[in-house]
Each structure stands twice: as C-alpha cells, then as structure tokens.
Amino acid sequence: MSQALRVAVLDDYQEAARRSGPWADLAGRAEVEVFHDHVTDADALAERLAPFDVIVAMRERTRFPRSLLERLPRLRLLVNTGMSTVHIDVGATRDLGITVSGTGGRPAPPAELTWGLILGLARHLTQEDAGIRAGSWGLTVGTDLDGATLGLVGLGTLGRRVAVVGQAFGMRVIAWSQNLDPGVAAQVGVEAVTKQTLLREADVLSIHVRLSERTTGLISAADLALLKPTAILVNTSRGPIVDEAALADALRAGRLAGAGLDVFGAEPLPPGHPLLGAPNTLLSPHIGYVTEDTYRVFYTDAVEAIAAFLDGHPIRLLNG
C-alpha cells in the first residue's frame, strides 16, 4: 500500500489499549491513535472518525448506525472487540463495503463479577466499608447463601459458570429461559422451572441472556412484583433486559432487598438516572469483561484482524 492506514481505537477508558496489544506488529502499515474519552454527540463523533480507515470499537460503548457509517467515507474495516453486532448496522456495512471483524474474549470475568455483586449485596460490604471509615463497627446483618435459591435467567456459558459457584456455596440452583432444555439443565445439576416459579422462588436472581428484540424488557414491572421482598437481583448481561424504572421503583418501595448492576440502558449512566438514587444498590460501570487477560485477547486479536485485512484475507468476519 502507498501509505499507512489510519486506525482509531475507541473508548479506552482505562488507558489500557496500548499496553494490551502488539501494536508494534503494525509498524509501517498502520498509524494508531487511541481515544480515551467517549463521544455521544453524533456530529462530533462523525467529525472525529472521518479521517480513519480502520476503527477498533470497545464492545458496544459506541454505536454504529447507518447515519454514522455513511459519514465515514474512508472507513474500510470495523473491528469489534468480541463477536456481538447489536450496536452495528450490519446491513449498512455491507452496502457501504465496510468489512466487520470480531475478536475472541473470555467467559470467566463476567461470571466472577456476578459473584462479586452477589456477595457485596448479601453481606452489605459497601455499607460496612463506609461505616468503618466513619468510625462505626458492625452495622448490618448479612444474608446466608448456603441453603438459599439461586435463580438464573439463562443457562448458557456464563449462566453455567455462575451455577457452579452457587452450588459450591450450597445453593439450590434453578433456571429458566425461553429456550432452555430441561435435560441440558439437569446435566449440570440445575432444575429447569417456569418463569413464574423462578421469580417466586429465587433469593438471588441473576441474568445471563443475550440482548435481543425478544429479551428486551424480559424482566418487566409485573415480573419484579413476583420476586420476594428479601430477594436481590443481579444483572451483568445488558441493561435493557430489565425495566430499569420499575426496578428503581421496587427498590425505593422496599419491594426488593437489593440490586447489583453492571449494565444499564444508557452508558455511561447519565446524571439524575433513577437508579443512582435507589437504595440498596451496588453499581459498577460495565466492567464485567474489563480484566487484563481479556484486554490482551481483545487487542491482540484486533491487531491480528487489521494485519489480516491488510494482507487481503480478513478474519472472524461478522458481516460476511
């Protein structure tokens, strides 16, 4: 090629992209610029990205609708970390001749964070930490997990990992999803139940289904009303799966003991969002996948995808 491609690496909040990938492998072939901030304004985003031939996107932090893609005349390759395309207008990329490639990932970190949220809520860790720092000693009474019921919405790769840990804690594990095979559930020691049974019996409800048209709003206000007032809800999947306004209302009314949330309908979470003022919440900024090893996979695979594209044989195609 006559000149190096310009590569934009987006939404590197933790300033980890440079150290996590072998960018030197692209020396002489690509000029890489890393952006640490997140741009929401459509015009500002289009202006920023217009000069680039390649974009490396961090999961779904930035959306790529047709209206944006049509304003990026130089864009030839869009690399998404992970293999999801829910934030990309795949049809538009085909129409515009833009190649879309994905990367590998690691299933363990989101399951690990799920348990961090469950344990933090069950043992009131944030309140006790704040209490110690304020001079108090022992403010709360924790909730036992041994003997309690863990209810899983979804029993795929992540759901099964969470189930195994629940079983190690001595929990009864039940699960439901729209296409759950009871035989598959039984193979991992999990009882497949109806949605109503799941909601009525869960002491901990943890969500592990993919976001789609079918799962948007899957946990509605009516569903939340079926939960025990002593139950806690944990969502490390995607925010729109749960009715956030109804969840905030249930927490404020004391109809739910707590919620641990790593994902939200709008990210970053805007000021004044009802969940920010809801009691008994443990919130994290969509960091289920944010670990050193996962980032090494993301950015190593991103560099590999760019090199393969330059060599004329793109890999891990998401719009092929």
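Residues numbered from 1 in each chain as written. Predicted model: local features only at pLDDT ≥ 70, side-chain atom pairs only at ≥ 80, totals over all residues. Heavy atoms only, no water.

### Some thoughts on the layout of surface pockets
To keep things clear, this is the line we draw: Using a 1 Å grid laid over the protein atoms alone, points where a 1.4 Å probe fits but cannot get out form a cavity; open sets with protein on both sides within 12 Å along at least 5 of 7 lines form a pocket; any residue with an atom within 4 Å of a point counts as lining. Grid points are joined across faces, edges and corners, and a volume is the space filled by probe spheres set on the points. The helix and strand labels rest on DSSP assignments: H or I over at least four residues marks a helix, E over at least two residues marks a strand, and numbering proceeds from the N terminus. Lys, Arg, Asp and Glu make up the charged group, whereas Ala, Val, Leu, Ile, Met, Phe, Trp, Tyr, Cys and Pro make up the nonpolar group; the residues left over, Gly among them, are polar.
In this structure, the largest pocket spans a volume of roughly 1200 Å³. Lining the largest pocket are 46 residues; nearest its centre among them are Leu 158, His 208, Val 209, Arg 210 and Ser 237. Sorting the residues of the lining of the largest pocket by element identifies α7 (157-168) and α12 (292-310) as the ones contributing at least two each. The dominant element in the lining of the largest pocket, judged by the number of residues it contributes, is α7, at three residues. Of the residues that constitute the lining of the largest pocket, the class distribution is 16 nonpolar, 23 polar and seven charged. Reported here for the second largest pocket is a volume of approximately 660 Å³. At the level of elements, α2 (42-49) and α3 (66-69) are the ones that each hand at least two residues to the lining of the second largest pocket. Here the lining of the second largest pocket is built from residues that sort into 15 nonpolar, eight polar and seven charged.

### Let's talk about the pairing of strand β6 (residues 149-153)
Note the cut-off: Think of it in three bands: residues with accessible area under 20% of the maximum for their type are buried, residues over 50% are exposed, and the middle band is partly exposed, with areas taken using a 1.4 Å probe on protein chains only. Here, any two strands with at least 2 DSSP bridges between them count as paired. For crossovers, right-handed means that the path from the first strand over the helix to the second runs clockwise, given strands pointing away from the viewer.
Extensive coverage of β6 is indicated by the burial of five of its five residues. Of the two faces of β6, both are covered, the one formed by Thr 149, Gly 151 and Val 153 as well as the one formed by Leu 150 and Leu 152. Pairing geometry for β6 and strand β7 (residues 172-176), over five bridges, is parallel. Bridging across to β7, Leu 150 finds its partner in Val 173. One crossover worth recording links β6 to the parallel β7 by way of α7, and it is right-handed. Across four bridges, the pairing between β6 and strand β9 (residues 204-207) is parallel.

### A short note on the sheet that holds strand β2 (residues 30-34)
Stated precisely, the cut-off is as follows: Here an angle of 0 to 180 degrees is reported between the N-to-C directions of two axes, which are lines fitted to C-alpha atoms, with helices fitted over the stretch in contact.
Read from one edge to the other, the open sheet built from five strands follows the order β2-β1-β3-β4-β5, with strand pairing classed as parallel. At either margin of the open sheet sits one strand with a lone partner, and together these are β2 and β5 (99-101). Each strand axis lies, on average, 20° off the axis of its neighbour in the sheet, ignoring direction. Bridge analysis of strand β4 (residues 77-80) against β5 gives three bridges, and the strand direction is parallel. Note that in β5 the partner of Leu 77 across the bridge is Thr 99.

### A look at the packing of aromatic side chains
Quick reminder of the rule: Two rings belonging to Phe, Tyr or Trp (six-membered ring only in the last case) form a pair when the distance between their centres is within 6.5 Å. Interplanar angles under 30 degrees mark stacking, angles over 60 mark edge-to-face geometry, and anything in between is tilted.
Evaluation of the coordinates by the stated rule reveals six aromatic pairs. Look at Trp 115 and Phe 169: their rings are 5.3 Å apart centre to centre, the planes differ by 40°, and that puts the pair in the tilted class. Remark: Phe 169 occurs in the loop between α7 and β7 and Trp 115 occurs in helix α5 (residues 108-122); sequence separation between them is 54 residues. Accessibility expressed as a relative area gives 34% for Phe 169, which makes it partly exposed. A network of ring pairs unites the aromatic residues Trp 23, Tyr 289, Tyr 295, Phe 298 and Tyr 299 as a single cluster.

### A few points about α5
Because an α-helix packs 3.6 residues into every turn, residues spaced three or four apart end up facing the same way. In plain terms, the rule: Helix span, as expected, comes to 1.5 Å for every residue beyond the first.
A rise of 1.5 Å per residue sets the reference length of α5, with its 15 residues, at 21 Å; its end C-alpha atoms lie 21 Å apart and thus fit the reference within 8%. Along α5, the positions that sit buried rather than exposed are Ala 108, Pro 109, Pro 110, Ala 111, Leu 113, Thr 114, Trp 115, Leu 117, Ile 118, Gly 120, Leu 121 and Ala 122. His 124 lies just past α5 and shows a positive phi near 55°.

### Points about the nonpolar core
Short version of the rule: We define a nonpolar core as any set of buried Ala, Val, Leu, Ile, Met, Phe, Trp, Tyr and Cys residues linked to one another through side-chain atoms lying within 4.5 Å. Only heavy atoms enter the contact rule, under which two residues are in contact if any of them lie within 4.5 Å.
By size, the foremost hydrophobic cluster in this structure holds 29 residues, and its most contacted members are Val 153, Leu 205, Ile 207, Leu 227, Leu 233, Leu 247 and Leu 256. Of all elements in the fold, only β7, α9 (195-201), β9, α11 (244-252) and β11 (258-261) reach the threshold of two or more residues within this core. Broken down by element, the residue count for this core peaks at five residues, all from α11. Residues in contact with Leu 247, not counting those within four places in the same chain, are Leu 224, Leu 233, Val 242, Leu 256, Ala 259, Leu 261 and Leu 275. By size, the runner-up hydrophobic cluster in this structure holds 26 residues, among which are Val 7, Ala 16, Trp 23 and Leu 77.

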